[in-house]
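# What the coordinates show
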Amino acid sequence: MTQTPAPAPIHWKLVIDAADPHAQVDFWAAALHYEPEDNSALVQQLLEMGALPAAATVDFHGRPAFRDLMAVRHPDDPYDKDRGTGLGRRLLFQRVPEPKTTKNRLHLDLHPGPDHREAEVERLTSLGASVLRRVTEPAGAWVVMTDPEGNEFCVA
């Protein structure tokens, strides 16, 4: 009897709507100690081929980047060296015209640990985050915060 091999895990990324993807990348790269993806070689190649108009690009810290998309990736995860795209844990920010209007249905929980929670909240606040509320329940304690565009996340 032949066994069917187990399916491979599916690669995924978390996509977050943003008014300013590049500002969000700066915040979340600093917040998570992640790296902004460097797609400049791909952007340059697409510009030279005429497949991408210059208006669809911006300068991001001295290198060409897509105007409406930018991501951060875990520094230890693999990435496509030709495209600069992460192949592991990553957050992709995409420009949308409408502002955030309601509570997130999905959010990140950051876990610096109870002994480091307050220092992490202070650090994130210095990066542009805001504290919404502090929660203490029998199940634990955490701080609900928002990033610079108002997206909720928790620090536990």
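Please refer to the structure placed before this passage.
Residues numbered from 1 in each chain as written. Predicted model: local features only at pLDDT ≥ 70, side-chain atom pairs only at ≥ 80, totals over all residues. Heavy atoms only, no water.

Moving on: the overall build of the protein chain. Helices and strands together make up the secondary structure of the protein chain, namely three helices and ten strands. In the protein chain, the order of α-helices and β-strands from amino to carboxyl end is β-α-β-α-β-β-β-β-β-α-β-β-β. The C-alpha extent of the protein chain, read off along each of the three principal axes, is 60 × 55 × 30 Å. Across the 156 residues in the protein chain, those meeting the buried criterion constitute 36%. Considering only contacts within the protein chain whose residues lie at least 6 apart along the sequence, 61% involve residues at least 24 apart. When the accessible surface of the protein chain is summed, it comes to about 9,800 Å², and 55% of that surface belongs to carbon and sulfur atoms. Positive and negative side-chain charges of the protein chain, numbering 16 and 23 respectively, have mean locations separated by a distance of 4 Å. (Helix = DSSP H or I, 4+ residues; strand = E, 2+ residues; numbered from the N terminus. Buried < 20%, exposed > 50% of the residue type's maximum accessible area, 1.4 Å probe, protein only. Contact = heavy atoms within 4.5 Å. Areas by Shrake-Rupley, 256 points an atom, 1.4 Å probe, with all protein chains shown as cover. Lys, Arg positive; Asp, Glu negative; His and termini not counted. Charge placed at Lys NZ, Arg CZ, Asp CG, Glu CD.)

Turning to the sheet that holds strand S1 (residues 14-18), a few remarks are in order. Strand order in the open sheet formed by four strands is S1-S6-S5-S2, and the pairing between neighbours is mixed. Each of the sheet's edge strands pairs with one partner strand only, and the pair in question is S1 and strand S2 (35-36). Two strands pair when backbone bridges link them, and strand S5 (residues 69-73) and strand S6 (residues 90-95) are joined in this way by five bridges, in the antiparallel orientation. Bridged to Met70 within S6 is Phe93. Contacting S1, S2, S5 and S6, helix H1 (residues 21-32) crosses the sheet at an angle of about 160 degrees to S6. (Pairing = 2+ DSSP bridges. Axes fitted to C-alpha atoms, helices over the stretch in contact; angles between N-to-C directions.)

Contact pair H1 / helix H3 (residues 117-127): the axes reach a minimum separation of 10 Å and the direction vectors enclose 160 degrees. Viewed along their axes, H1 and H3 adopt a mutual orientation that is roughly antiparallel. Pair H1 / H3 crosses with right-handed handedness. Packed against H1, whose contacting residues are Phe27, Ala30 and Ala31, the element H3 presents Glu120, Arg123, Leu124 and Leu127 at the interface. Considered class by class, the residues forming the contact of H1 with H3 number five nonpolar, no polar and two charged. (Parallel < 35°, antiparallel > 145°, perpendicular 65-115°, else oblique. Left-handed = near helix turned anticlockwise from the far one by under 90°. Nonpolar A, V, L, I, M, F, W, Y, C, P; charged D, E, K, R; others polar.)

Okay, H3 next. Listed as buried for H3 are Arg117, Glu120, Val121 and Leu124. An end-on view of H3 places all buried positions within 100 degrees of arc, on one side of the element. Facing away from the buried side of H3, by more than 90 degrees, are the exposed residues Ala119, Glu122 and Ser126. Each element contacted by the buried residues of H3 is listed here: H1, strand S7 (108-110), strand S8 (130-137), strand S9 (140-146) and strand S10 (152-155). Just downstream of H3 lies Gly128, where phi reads positive at about 120 degrees. (Arc of directions from axis to C-beta.)

Right, let's talk about the packing of aromatic side chains for a bit. Within a pair of aromatic rings, the relevant descriptors are the distance that separates the centres and the angle that separates the planes. Scanning the model with the defined rule gives three aromatic pairs in all. Pairing Phe27 with Phe153 gives two aromatic rings, centres 6.3 Å apart and planes at 55 degrees, and the pair type is tilted. Here Phe27, found in helix H1, pairs with Phe153, found in strand S10; they are 126 residues apart in sequence, far enough to count as distant. On the basis of relative accessibility, which here comes to 3%, the residue Phe27 falls in the buried class. Between the aromatic rings of Trp28 and Phe153, the centroid separation amounts to 5.0 Å while the plane-to-plane angle is 70 degrees, which identifies the pairing as edge-to-face. You can see Trp28 sitting in helix H1 and its partner Phe153 sitting in strand S10, a full 125 residues away along the chain. Here Trp28 and Phe153 have matching classes, each one buried. An aromatic cluster is defined as three or more aromatic residues linked by ring pairs; in this entry it consists of Phe27, Trp28 and Phe153. The ring centre of Tyr79 lies 3.9 Å from the NZ or CZ of Arg73, which sits over that ring. The cationic tip of Lys81 hangs over the ring face of Tyr79; the distance from NZ or CZ to the ring centre is 4.6 Å. (Phe/Tyr/Trp six-rings, centres within 6.5 Å; stacked < 30°, edge-to-face > 60°. Lys NZ or Arg CZ within 6 Å of the ring centre and 35° of its normal.)

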